[in-house]
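Residue-level structure breakdown
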Amino acid sequence: MKNIKLWLFAIILFGSVQAMSQTQVVKGKIYDAQSEFPLFGANIILLDSDPIVGAVSDPDGNFRIDNVPVGRQVFVVQYIGYKTITLPNVLVTAGKEVVLDIKLEESVETLESFVVTSDADKDLPLNDMAKVSARTFDLEEVTRFSGGRNDIARLATTFAGVSAPNDSRNDIVVRGNSPTGLLWRIEGIPIGTTNHFATLGTTGGPVNALNTNLLRTSDFLTGAFPAEYGNANAAVFDVNFRNGNTDKVEFTGQVSAYSGAELMVEGPISRKNESSYLVSYRYGIASLAATGTSATPYYQDLSFKVNLGQTKIGKVELFGFGGTSDIDFLGDEIDDTDLFSNPNQDAFIENELGLVGLSHTIRLDNTAYLKTVFGASTNFNQYLQDNLIKDNNGNTLNSYRATNVFNRENRFTVSSTLNKKFSARFNLRAGLVNEKYDLDLFTSDRDNRSEIPDDNNDGIPDYLVNIRDYQDGYHITQVFAQGEYKFNDDWSLTGGIHSQYHGFTEDMSLEPRLALSWQADNSKRFSLAYGRHAQSIAAPILFLREEVADNQFEMTNRDLEFMYSNHYVFAFDWNLAPSWRLKAETYYQDIFNVPVQATPSSYSVINEGADFIFDEEGSLVNEGTGRNLGLEITLEKFFNNDFYLLATTSIFDSKYKGSDGVERNTAFNNQFVLNTLFGKEWKFGEGGRNAWTFDTKLTTAGGNPYTPIDLDATRANAGREVTRDEIAYSEKYNSYFRWDVKFGVRLNSKKKNVSHQFFIDLQNVTNRKNEFVKRYNEVTDEINVVEQIGFFPDIMYRIQF
């Protein structure tokens, strides 16, 4: 508390200094939205400037505006024959030049004069083929919203349709689907996960390794997505890295209790061909943060992008990120309320992840380009567990190795996309993605397995069972084609086909996609979309070894086919007033070909993916089904007049059927999620270039269903949990509630190009101890409730110069 008071005193003292006016550079490129060809002669004007401040784009689409006042600004972008847009809420600071990538849509109908027809707000994604269930996000949003921990995955929980009532992990549950149905795509390259401490087959984790300071405006899609996205049936994070500054060297320093200490540098390589570099290193200091455990996690990551600019062979970019993480849980140093560990065990965890990619874009003419990306990624996790043998007083007498997990997944990917704009009416995009998987998977275990004998009665099971042991590779190849036809400026039709082939299971899918959009008037838009989405089975299930005879193991799930989901979405967008939007979407998802047990059972793969491990179920067949339906309402006031508001309501129902034919709740059917976010800024200093900030977020959600534990059967099973599967997911945890409040200040130096940002984010201010899990406790020999973390203050300071 003493340190917090010192921080606040320093910020208040600095903010009270009399400030002189300060300006900054706003620059960037203006493109055609479909062909991405630079537009020569486009106008960009600072709104309400007197005298007029603006610029005209050069033959390469570049523009530069000097002497833009710091603060939040609005720009208007105009070009004959194209729909004029406004760019609201552009944050200009003294410490960093603003770089804008602006895409204009050519009008199907002739425009003889400049008319402002739309706002470049969050209601429209960057991918012009996405007509429903999509929105953009950017760095400013990630850092602005309260409770986000500088994590783009946690940012997504503020959007309609997304549920994450788990403070310890950033798993994304979209419309009742498993988090395993999420696709992470970085600069066009699919990647298994972006998280530290991640495990094989999962997409979430405690800490995200993606550095938000490198983010360019990106897309998040939650259903019926376009044909270019495959091997996912729930949602897509389509993330892009920004380029470094092409004119000057800039630095960013940042310290946060949760995301760690960071230093980033960017600058030009050659101004002649607009090449640049951007690199950032971050070291986690989560020992200062609330992580749900008394053990100390260590993690670090490096992110970079090198833009070689326009070369003789086209535009070339090199990008990547990588990180390491580790944590040791020592049983004698933790208690039975720890979210992740057991006081009767020592556990040692190490993780590595990384991606490096090379992107090449060549223009075929002013209407077409070919973009090819080569990528290599890795994901490694090691888990070693020693069980402790203790006396009646809790003193450790002996220990033995109970679990060994060594998993490495390497991917080598090539992605190539051809984009052709035939006219203002018709645009076509086609391509392929080929992923070569190299796997080295090994898991051996004897933890609480009653079937393993202890012939010498020393308390140590006589041998370990090899659950997974696979060292080989396979390909997943995807091809797609999609086009958009605009009947006029109000009606458009998007259609496409996606197909993929799994080299290990030899299964192939065919997935049609279709969307229709009608702009009824300047304020109302109706959209209807359908998509079939196939997803391969997660590696921990596909390569599981099942005991089929005495000490004889086989991979009985090796022939599992893709599971499918048909998405039907109807959307209504209404711009109530300038900067105000009301959006409603209703959807139905028909899920089939889900792996379930061959004999009557409640088990289904549809419930996997919200933990670090998967169930050990073999001999599965693709005969299960499921369905999700729901309604989402979003009321949003985009940041304007110094405040914003975001209120989302998601009401849904998620059901499944196992091989017993009984319809049940899925593990993710918490049925409702309500979010309310509000933020306000108060300007101070000459010209209003500094600001006090206030942000708050209120979230409540239904409790997740769970399967009750059979206590007597668990005790008889050497402490390995036995659940009452005949009434699977029949009970629910208590509803989730959390309120976060953030106070901050943004300061711009009075003489130098330096900006400061400081905030204190008071997370879970009511100290609500939401239920985490009910599990069997070996120490108490009872079923106990483990609670999530309570109140926690996160502090961040950022300097840019």
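Please read all numbers here as calculations on a predicted model, not as lab measurements.

For the protein chain, the helix and strand inventory stands at five helices and 46 strands. Here the C-alpha radius of gyration of the protein chain, 27 Å, is about what a compact globule of 801 residues would show, namely 28 Å. Projecting the C-alpha coordinates of the protein chain onto the three principal axes gives extents of approximately 90 × 60 × 50 Å. Sorting the 801 residues of the protein chain into buried and exposed places 57% on the buried side. If you take every contact in the protein chain between residues at least 6 apart in sequence, the share linking residues at least 24 apart comes to 66%. Summing over all exposed atoms, the protein chain offers an accessible surface of approximately 31,600 Å²; the carbon and sulfur share of this is 55%. Each charge sign in the protein chain was given a centre, from 74 positive and 105 negative side chains, and these centres are 9 Å apart.

The next point concerns the pairing of strand E45 (residues 782-787). Where strand E44 (residues 771-777) lies against E45, six bridges are found, and the strand directions are antiparallel. The residue of E45 that forms the bridge with lysine 774 is valine 785.

Strand order in the open sheet formed by five strands is E9-E16-E17-E12-E13, and the pairing between neighbours is mixed. Each having just a single partner strand, strand E9 (134-137) and strand E13 (189-191) make up the two edges of the open sheet. On average, adjacent strands in this sheet sit at an angle of 25° to one another, irrespective of strand direction. Sheet analysis places strand E12 (residues 182-186) next to E13, joined by three bridges and oriented antiparallel. Bridging from a neighbouring strand, arginine 185 pairs with proline 190 of E13.

With respect to topology, three strands assemble into an open sheet ordered E4-E1-E7, the strand pairing being mixed. Single-partner strands in this sheet number two, and they are strand E4 (62-69) and strand E7 (98-104). On average, each strand axis in the sheet is tilted by 25° relative to the strand beside it, whichever way the strands run. Where strand E1 (residues 23-32) lies against E4, six bridges are found, and the strand directions are antiparallel. Residue pairing in the sheet places glycine 28 in a bridge with phenylalanine 63 of E4.

Phe220 and Phe237 are the most contacted members of the largest nonpolar core, which has 36 residues in total. Elements supplying a minimum of two residues to this core: helix H3 (152-156), E12, E13, strand E16 (215-221), strand E17 (235-241), strand E22 (314-329), strand E23 (345-365) and strand E36 (643-657). Phenylalanine 237 has contacts with Phe137, Ile152, Ala153, Ala156, Ile172, Leu182, Leu183, Trp184, Arg185, Asp219 and Phe220, leaving out every residue within four places of it along the chain. By size, the runner-up hydrophobic cluster in this structure holds 30 residues, among which are Val173, Val605, Ala667 and Ala728.

Residues Tyr485, Phe487, Trp491, Leu493, Leu514, Leu516, Trp518, Leu528 and Phe570 make up a contiguous nonpolar surface patch of about 780 Å² in total accessible area. Among the secondary structure elements, those contributing two or more residues to the nonpolar patch are strand E28 (491-502) and strand E29 (507-519). A per-element tally of the nonpolar patch places E29 first, with three residues. Given a relative accessible area of 47%, leucine 514 falls into the partly exposed group.

Turning to the environment of serine 579, a few remarks are in order. Mapped onto the secondary structure, serine 579 falls in the loop between strand E33 (563-577) and strand E34 (580-597). The class of serine 579 is buried, set by a relative accessible area of 13%. C-alpha separation for the pair serine 579 and proline 38, spaced 541 residues apart in sequence, amounts to 28 Å. Residues within four places of serine 579 in sequence aside, it is in contact with Glu636, Lys637, Phe638 and Asn640.

Within this structure, the stated rule accounts for 31 aromatic pairs. Plain terms: the ring middles of phenylalanine 694 and phenylalanine 743 are 5.5 Å apart, the flat faces sit at 50° to each other, and that makes the pair tilted. In this pair, phenylalanine 694 sits in strand E39 (residues 690-701) while phenylalanine 743 sits in strand E42 (residues 736-748), placing the two residues 49 residues apart along the sequence. Classification of phenylalanine 743 by relative accessible area gives partly exposed; the value is 40%. Positioned above the aromatic ring of tyrosine 644, the side-chain terminus of arginine 144 is 4.8 Å from the ring centre. One Lys or Arg, lysine 420, reaches over the ring of phenylalanine 422 and ends 5.6 Å from the middle of that ring.

Turning our eyes to something else, we now look at the pattern of salt bridges. Under the definition given, this model contains 56 salt bridges. Glutamate 250 is paired through a salt bridge with lysine 96; the nearest N and O atoms lie 2.8 Å apart. Linking glutamate 250 in strand E18 (residues 250-256) with lysine 96 in the loop between strand E6 (84-92) and E7, this pair joins segments that are 154 residues apart in sequence. Exposure class is identical for glutamate 250 and lysine 96. Each is buried. In this structure, arginine 135 engages glutamate 636 in a salt bridge whose closest nitrogen and oxygen atoms are separated by 3.2 Å.

To continue, consider the environment of arginine 449. Here arginine 449 is to be found in the loop between strand E26 (426-445) and strand E27 (465-486). Sequence spacing of arginine 449 and asparagine 717 is 268 residues, and the spatial spacing of their C-alpha atoms is 7.3 Å. If sequence neighbours within four positions are ignored, arginine 449 has contacts with Ile467, Glu616 and Arg720. Here the side chain of arginine 449 touches aspartate 445 through a polar contact of 2.6 Å, side chain to side chain. Polar contacts involving the side chain of arginine 449 include one to the side chain of glutamate 616, which spans 2.8 Å.

What follows covers the side chain of threonine 494. Of note, threonine 494 is situated in strand E28. The contact partners of threonine 494, leaving out residues within four places of it in the chain, are Met129, Lys131, Gly483, Glu484, Arg513, Leu514 and Ala515.

Averaged over the protein chain, the pLDDT score is 91; the fraction of residues at 70 or greater is 94%. A low-confidence stretch, residues 1-20 stays under pLDDT 50, and its non-local contacts, those more than four residues away or across chains, total 24 contacts. Confidence drops under pLDDT 50 across residues 112-121; counting only partners more than four residues distant or on other chains, this segment forms 21 contacts.

A few words on the side chain of threonine 202. Mapping threonine 202 onto the fold places it in the loop between strand E14 (195-196) and strand E15 (207-208). Within polar-contact distance, the side chain of threonine 202 engages the backbone oxygen of threonine 199 at 2.8 Å. Non-local contacts of threonine 202, meaning those with residues more than four positions away in its chain, are made with Arg169, Gly192, Thr193, Asp611, Phe612 and Phe614.

Another point: unusual backbone geometry. With an omega dihedral of 0°, the bond running from aspartate 50 to proline 51 counts as a cis peptide bond. Mapped onto the elements of the fold, proline 51 is located in the loop between strand E2 (43-46) and strand E3 (54-56). Despite not being glycine, alanine 224 has its phi angle at roughly 45°, a positive value. The residue alanine 224 is located in the loop between E16 and E17 in this model. For asparagine 641, which is not glycine, the phi dihedral falls at a positive 55°. With relative accessibility at 58%, the residue asparagine 641 sits in the exposed group.

Now for the pairing of strand E20 (residues 275-283). Bridging between strand E19 (residues 260-270) and E20 involves nine bridges; their strand directions are antiparallel. Bridge assignment links serine 270 to a residue of E20, and that residue is serine 275. Here E19 folds back onto E20 in antiparallel fashion, the turn holding four residues, of which glutamate 274 has a positive phi close to 60°. Strand direction decides the pairing type here: E20 and strand E21 (residues 298-311), joined by eight bridges, are antiparallel.

About the thresholds
- Residues numbered from 1 in each chain as written.
- Predicted model: local features only at pLDDT ≥ 70, side-chain atom pairs only at ≥ 80, totals over all residues.
- Heavy atoms only, no water.
- Helix = DSSP H or I, 4+ residues; strand = E, 2+ residues; numbered from the N terminus.
- Rg over C-alpha atoms; globule rule 2.2 N^0.38 Å.
- Buried < 20%, exposed > 50% of the residue type's maximum accessible area, 1.4 Å probe, protein only.
- Contact = heavy atoms within 4.5 Å.
- Areas by Shrake-Rupley, 256 points an atom, 1.4 Å probe, with all protein chains shown as cover.
- Lys, Arg positive; Asp, Glu negative; His and termini not counted.
- Charge placed at Lys NZ, Arg CZ, Asp CG, Glu CD.
- Pairing = 2+ DSSP bridges.
- Axes fitted to C-alpha atoms, helices over the stretch in contact; angles between N-to-C directions.
- Core = buried A, V, L, I, M, F, W, Y, C linked by side-chain atoms within 4.5 Å.
- Patch = residues over 30% accessible without salt bridge, like charges linked within 9 Å, V, L, I, M, F, W, Y side chains within 5 Å.
- Salt bridge = Lys/Arg side-chain N within 4 Å of Asp/Glu carboxyl O.
- Phe/Tyr/Trp six-rings, centres within 6.5 Å; stacked < 30°, edge-to-face > 60°.
- Lys NZ or Arg CZ within 6 Å of the ring centre and 35° of its normal.
- Polar contact = N/O pair within 3.5 Å; in protein donor to acceptor, adjacent residues only side chain to side chain.
- pLDDT = per-residue confidence, 0-100.

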